[in-house]
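Chain by chain, the residues:
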Amino acid sequence: MRLDVITIFPEYLAPLRLSLVGKAADRGLLDIRIHDLRAWTRDRHHTVDDTPYGGGPGMVMKPEPWGEALDEILADGPPTDGDGAETAARSDTGPVLVVPTPSGRPFTQEIAAELAERPHLVFAPARYEGIDRRVVEEYAERAEVRELSIGDYVLAGGEAPVLVMVEAVVRLLPGVLGNVESHRDDSFAAGSMAHLLEGPVYTKPPVWRGREVPEILLGGHHGNIARWRRDHALRRTAEHRPDLLRAAPPGSWDRPDLRLLAELGWEPDADGRFGPRPGGMEE
Ligand code: ADE
């Protein structure tokens, strides 16, 4: 996978050289290139921003440096199937332009998995009030553009979101995690644990400061351990993310789940989805 990041703070992306992502790059699983947007400015001051049309606070990133940077980087990317710009924008092998913005669609595990399938991701983190809108319009014709938010809060720029998204994507690439099973049970991963947050985990020693590891985990009875984990995942999800339980399709639950949910004060509504019982124990 080829990853390009265009930023006015290249040093901000230094963590991509470390840890899991850095190792994946060292092993050749990933080609990461960090670019300074100012390299594509033509004035003496390397200006990347200007005042917003229509007035208002802050500055807007000028389209010209982004245009020149993206033209060059997209032209230099891995080859795409098909010919012609139209095809590349729609094909699964075409580049994806990721624009982090608090006004984007929420970045989720599902989107991370989709991005992990693509050969070329180009990240365009903005500072100030964002990038001139015409940039997104222009490149939507040549790439798949994804405007994505990492959460309902406003950061000073898109660089930290790029670090977040790249890590979420890269750990899904084949060969990056040591154990291929290790993301199977991730919170938010597809499968039988979808809709559930991961429960607590323990390691040695069996007693620490008088606190014991739950007996059942020491026993080696895989069925009981799986049930224990699922119960705790369910409890944690009900407490921290009731929205996930509500969104789970009817049929996500087995009999012991249903018993525990009832105990926690959840009951199915008319279409079989769960919601907290009025006067129940949620909140
Ligand atoms: N830029 C500033 N805040 C952001 C957020 N929450 N997600 C993505 N990009 C951002």
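A quick note: this is a predicted structure, and the numbers were derived from the prediction, not measured. (Residues numbered from 1 in each chain as written. Predicted model: local features only at pLDDT ≥ 70, side-chain atom pairs only at ≥ 80, totals over all residues. Heavy atoms only, no water.)

Asker: In this structure, what is going on with the overall build of the protein chain? I would like to understand it.
Answerer: A count of helices and strands for the protein chain gives 10 helices and 11 strands. Within the protein chain, the proportion of its 283 residues that are buried is 40%. Considering only intrachain contacts with a sequence separation of at least 6, the fraction spanning at least 24 residues in the protein chain is 70%. Positive and negative charge centroids in the protein chain, built from 33 and 47 side chains respectively, lie 5 Å apart. (Helix = DSSP H or I, 4+ residues; strand = E, 2+ residues; numbered from the N terminus. Buried < 20%, exposed > 50% of the residue type's maximum accessible area, 1.4 Å probe, protein only. Contact = heavy atoms within 4.5 Å. Lys, Arg positive; Asp, Glu negative; His and termini not counted. Charge placed at Lys NZ, Arg CZ, Asp CG, Glu CD.)

Asker: Help me understand the site of the ligand in this model?
Answerer: Neighbouring residues of the ligand: Pro100, Thr101, Pro102, Leu148, Ser149, Ile150, Gly151, Tyr153, Val154, Leu155, Gly157 and Pro161. Here a nitrogen atom of the ligand sits 3.1 Å away from a polar atom, N or O, in the main chain of threonine 101. Between the ligand and isoleucine 150 there is a distance of 3.0 Å, counted from a nitrogen atom to a backbone nitrogen or oxygen. For the ligand, the accessible surface in isolation is 260 Å², of which the surrounding protein chains cover 97%. Those elements that place two or more of their residues in the shell around the ligand are strand 5 (96-106) and strand 7 (144-149). (Near = heavy atom within 4 Å. Polar contact = N/O pair within 3.5 Å; in protein donor to acceptor, adjacent residues only side chain to side chain. Areas by Shrake-Rupley, 256 points an atom, 1.4 Å probe, with all protein chains shown as cover.)

Asker: So what exactly am I meant to see when it comes to helix 4 (residues 109-116) here?
Answerer: Along an α-helix, residues three or four apart share an orientation, since each turn contains 3.6 residues. Every buried residue of helix 4 is accounted for by Gln109, Ile111, Ala112, Leu115 and Ala116. Angular distribution of buried residues about the axis of helix 4 spans 160 degrees; they occupy a single face of the element. Contacts made by the buried residues of helix 4 are with strand 5, strand 6 (120-123), strand 7 and helix 6 (159-170). (Arc of directions from axis to C-beta.)

Asker: What exactly am I supposed to notice about the nonpolar core here?
Answerer: Here is a general trend for soluble globular proteins: nonpolar side chains tend to be buried in one another's company. If you look at the biggest cluster of nonpolar residues, it comprises 28 residues, and the most contacted ones within it are Leu115, Phe123 and Val170. Elements represented by at least two residues in this core include exactly strand 1 (2-7), helix 1 (19-26), strand 5, helix 4, strand 6 and helix 6. Here this core gets seven residues from one element, more than from any other, and that element is helix 6. Ignoring anything within four residues of it in the chain, the contact list for leucine 115 reads Met1, Val96, Val98, Phe107, Leu121, Leu148 and Val169. Membership of the second largest hydrophobic core comes to 20 residues, among which are Trp66, Leu97, Ala124 and Tyr139. (Core = buried A, V, L, I, M, F, W, Y, C linked by side-chain atoms within 4.5 Å.)

Asker: What should I look at first to understand the packing of aromatic side chains in this one?
Answerer: The geometry of an aromatic ring pair comes down to the distance between the two centres and the angle between the two planes. Counted by the stated rule, this structure contains two aromatic pairs. With centroids separated by 6.4 Å and ring planes inclined at 85 degrees, the aromatic side chains of tryptophan 253 and phenylalanine 274 adopt a geometry described as edge-to-face. One end of the pair, tryptophan 253, is in the loop between helix 9 (242-247) and helix 10 (255-263); the other, phenylalanine 274, is in strand 11 (residues 274-276), and 21 residues separate them in sequence. Grouping residues by exposure puts tryptophan 253 and phenylalanine 274 together as buried. (Phe/Tyr/Trp six-rings, centres within 6.5 Å; stacked < 30°, edge-to-face > 60°.)

Asker: I keep staring at unusual backbone geometry and nothing clicks. Help me out?
Answerer: Trans peptide bonds make up most of the peptide bonds, and negative phi angles are found at most residues other than glycine. Cis peptide bonds are those with omega within 30 degrees of zero, and the linkage from lysine 204 to proline 205 qualifies with 5 degrees. Phi is positive for histidine 46, which is not a glycine, with a value near 55 degrees. Counting through the fold element by element, histidine 46 comes out in the loop between strand 2 (31-36) and strand 3 (49-50).

Read these as spatial facts, not as claims about activity.
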